[in-house]
Amino acid sequence: MNRTPSLAILTTAACLLVLPLTATPAGAQAPGDGVRLIDGRWDDWADDDTRFVVDEHHVTLRFETPDERTLLRHGQTVVVALDTDGEAQSGRSERGIEGADLWIELNPTRDEADRRTPAVRVTAYNRRGRGSQVDVGDLGLHTAPTHASRRFELRFDRGEWRLQAIGLHDAGPMRAMVWLQDHDSESTTPIGVYTADAPAATLDGPTPADEATLPEKPEGAIRVVSWNTLWGSQLERPQRFSRLAKAIDADVYLLQEWSNEPYTGESVAEWFERYGGPGDWAAVTTSNSGSRGSGVAVASRLPLLAAGPADLDARSRTRWTFPIRFAGAVIETAYGPAVFATVHHKAGGRLGAAEDQRRLEESAAIQRAMASMRESHGAAFVVYGGDFNLNGTFDVVDRAVAGLDTDDSALTLADAEVLGRPGLLYTHGRSGSKRRLDYISYPDAAFAPAQAFVVDTTVLPGETLRALGLNKNDSAASDHLPVVVDLVPISEATRSDPE
């Protein structure tokens, strides 16, 4: 994905306005402020040899597996055992592992069809080796990436009060032991043993969540939101979604799971007219005559110029025959006409599974559709997002965004951090193990995200919620969180050599 700004950007946009990049306001995470993104990329680790870091707030670990895998959907369990108190005699000891006080099992079962089985299991062991289950949500445990990889990152909070007895809050040495455990046998594969010096945990005082707020849209920015609304939940409980929509105040919505009943672009626009805030709203769906079960739509308060193709066919060699859940629109912006498109990829599966093959076929067809829309309507740029359901290969993204930037390179994914949770990029899951499934991509040869964030009202402080007219559980009306990106053109100063 392109990282070098082009001098010839948006040449088809007659009314191009060049703006400087806006400083990140309070509540949004600025890049380069020392907080590692839990994304599995490793590019923000200063020391190539460091694998295990413990600071006053978090325990952070990175590890590499021998083969590419989807971490929580694989034929092996990744076990992370931590000696948190530096005492080999306390906790659980077996298979040469001594003194493990906290035992984290990622993908502890092979039965993916059983929804009751956890994707992550955490157990704390007392000094006598007796274990008790720890809620993953209470621990603030996050792993990344969701898609298949060989490199992974894990982070959890040190403030969980129930873990004080195992020394999680204390200063001193900590040790992390990581290995693979086969589901079908007793076979294990060691990954590594890592040590870190831990300062005392900071349990009092303000946290990033205490000061978080929802940033205002910068002047001249296009605010784009990707939002999976959980199969018509916004129709059943409109006020919760309405409060969020009015607080976010977006220009364009890329929607998924709008309804599993027939609906039209007109009915989507009517909902936004009533609940989405001021504006002359318009919308398109997979087919503007209604499409049962597709769930996708693009809604805009900017002028809608044209709709994309209806009922896009994946020509699937897999068992699924339903049309691709894709909707696109050409929208007039201050920087010329632009293609905005949304997708809800096939869910489930893991690397190499039939679901993964279906997603690959979908993304190839989507890329062709967006390229055709851009060419046929003379669009200046393309913005593409949605629920990517990346439970397998990342090639699903690479295929879809190839050649769609203004310089014919690939679109770039915006890293949207959760407001109040610096470094975390999750977008799905009300509790327990949360994942990143929702993305927005943009043309980085022409635009930059002035800010990008995910809104989780459950972690925002009461003062912020009251000021915005929000309730604590508004975002929990869906199992997906809204992803927000403010796009501004790259300024002349940004394009020139900063030195």
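For the structure, check the block above.
Residues numbered from 1 in each chain as written. Predicted model: local features only at pLDDT ≥ 70, side-chain atom pairs only at ≥ 80, totals over all residues. Heavy atoms only, no water.

Peer 1: What should I look at first to understand the sheet that holds strand β23 (residues 438-442) in this one?
Peer 2: Working definition: the strands of a sheet are paired by backbone hydrogen bonds and lie parallel or antiparallel to each other. Read from one edge to the other, the open sheet built from 6 strands follows the order β17-β18-β19-β20-β23-β21, with strand pairing classed as mixed. What marks the edges here is a single partner per strand, and that holds for β17 (304-307) and β21 (412-413). Here strand β18 (residues 326-333) pairs with strand β19 (residues 336-344) via 8 bridges, running antiparallel. Residue pairing across strands places V330 opposite V339, the latter belonging to β19. Of the strands in this sheet, β17, β18, β19 and β20 (381-387) are in contact with helix α5 (residues 354-377), which crosses β18 at around 25°. (Pairing = 2+ DSSP bridges. Helix = DSSP H or I, 4+ residues; strand = E, 2+ residues; numbered from the N terminus. Contact = heavy atoms within 4.5 Å. Axes fitted to C-alpha atoms, helices over the stretch in contact; angles between N-to-C directions.)

Peer 1: Before we go on, may I ask you to explain the pattern of salt bridges in this structure?
Peer 2: Proximity of charged atoms lets side chains of opposite charge pair with each other. Summed over the entire model, instances satisfying the criterion amount to 18 salt bridges. Here D251 ties to K217 by a salt bridge, and the two come within 3.0 Å at their closest N and O atoms. Taken as a pair, D251 in the loop between α3 (238-248) and β14 (252-256) and K217 in the loop between β12 (188-198) and β13 (222-228) lie far apart in primary sequence, 34 residues in all. On the basis of relative accessibility, which here comes to 7%, the residue D251 falls in the buried class. (Salt bridge = Lys/Arg side-chain N within 4 Å of Asp/Glu carboxyl O. Buried < 20%, exposed > 50% of the residue type's maximum accessible area, 1.4 Å probe, protein only.)

Peer 1: Help me understand the sheet that holds β14, please; the structure alone is not making it clear to me.
Peer 2: The sheet built from 7 strands is open, its strands ordered β15-β16-β14-β13-β25-β24-β22 with mixed pairing. Each of the sheet's edge strands pairs with one partner strand only, and the pair in question is β15 (282-285) and β22 (417-418). Judged from the 5 bridges that link them, β13 and strand β25 (residues 483-489) form a sheet pairing that is antiparallel. Paired with V224 across the strands is V485, a residue of β25. Against the sheet, α3 engages β13, β14 and β25, with an angle of about 160° to β13. Contacts from helix α4 (residues 265-275) reach β14, β15 and β16 (297-300), with the element oriented near 140° to β15.

Peer 1: Quick question: what am I supposed to make of the pairing of β20 here?
Peer 2: Moving residue by residue along a regular strand, the side chains alternate between the two faces of the sheet. Among the 7 residues that make up β20, 7 are buried, leaving the element largely enclosed by the rest of the structure. Judged from the 7 bridges that link them, β19 and β20 form a sheet pairing that is parallel. If you follow H344 over to β20, its bridge partner there is D387. Traced from β19 through α5 to β20, the parallel crossover comes out right-handed. Sheet analysis places β20 next to β23, joined by 4 bridges and oriented antiparallel. (Right-handed = clockwise from strand over helix to strand, strands pointing away.)

Peer 1: What's the story with the environment of D210 in this structure? I'm lost.
Peer 2: On the secondary structure map, D210 appears in the loop between β12 and β13. Spatially, the C-alpha atoms of D210 and V459 are 8.6 Å apart, while their sequence positions differ by 249 residues. For D210, the side chain forms a polar contact with the main-chain nitrogen of T207, separated by 2.8 Å. (Polar contact = N/O pair within 3.5 Å; in protein donor to acceptor, adjacent residues only side chain to side chain.)

Peer 1: What is the right way to look at unusual backbone geometry in this model?
Peer 2: Note: most residues except glycine have negative phi, and most peptide bonds are trans. With omega at 0°, the peptide bond leading from A144 into P145 counts as cis. Structurally, P145 is set in the loop between β9 (142-144) and β10 (149-157). In the Ramachandran plot, D249 falls in the positive-phi region, its phi being about 60° despite a non-glycine side chain. Structurally, D249 is set in the loop between α3 and β14. Taking the relative accessible area as the measure of exposure, D249 reaches 36% and is therefore partly exposed. Despite not being glycine, D408 shows a phi value in the positive range, around 70°. Following the sequence through the fold, D408 ends up in the loop between α6 (395-401) and β21.

Peer 1: What is the right way to read the pairing of strand β24 (residues 447-454) from this model?
Peer 2: Of all 8 residues in β24, 7 are buried; the element is thus mostly enclosed. Bridge count for β22 against β24 is 2 bridges, and the pairing is parallel. Note that in β24 the partner of E417 across the bridge is F453. Bridge count for β24 against β25 is 7 bridges, and the pairing is antiparallel.

Peer 1: What exactly am I supposed to notice about the side chain of D356 here?
Peer 2: Along the chain, D356 falls in helix α5. Those residues within four positions of D356 in sequence are excluded, and the remaining contacts are R350, L351, G392, T393 and V396.

Peer 1: Help me understand the packing of aromatic side chains, please; the structure alone is not making it clear to me.
Peer 2: Describing an aromatic ring pair means giving the distance of the ring centres and the angle of the ring planes. Inspection of the entire model under this criterion finds 17 aromatic pairs. Among the aromatic side chains, those forming a connected cluster through ring pairs are W227, F241, Y253, W258, W271, F272, Y275 and W281. One residue, R92, lies across the ring of W103, its end atom 3.7 Å from the ring centre. Over the aromatic face of F322 sits the side chain of R358, whose NZ or CZ is 4.4 Å from the ring centroid. (Phe/Tyr/Trp six-rings, centres within 6.5 Å; stacked < 30°, edge-to-face > 60°. Lys NZ or Arg CZ within 6 Å of the ring centre and 35° of its normal.)

Peer 1: Before we go on, may I ask you to explain the environment of R319 in this structure?
Peer 2: Examined against the element boundaries, R319 turns out to sit in the loop between β17 and β18. A sequence separation of 35 residues divides R319 from A354, and the C-alpha atoms of the two residues are 8.2 Å apart.

Peer 1: I tried to follow a negative patch on the surface on my own but got confused; where do I start?
Peer 2: Side chains of E266, E270, E273 and D280 sit close together on the surface and give a patch of like negative charge. Structurally, the position occupied by E266 is in helix α4. (Patch = residues over 30% accessible without salt bridge, like charges linked within 9 Å, V, L, I, M, F, W, Y side chains within 5 Å. Areas by Shrake-Rupley, 256 points an atom, 1.4 Å probe, with all protein chains shown as cover. Lys, Arg positive; Asp, Glu negative; His and termini not counted. Charge placed at Lys NZ, Arg CZ, Asp CG, Glu CD.)

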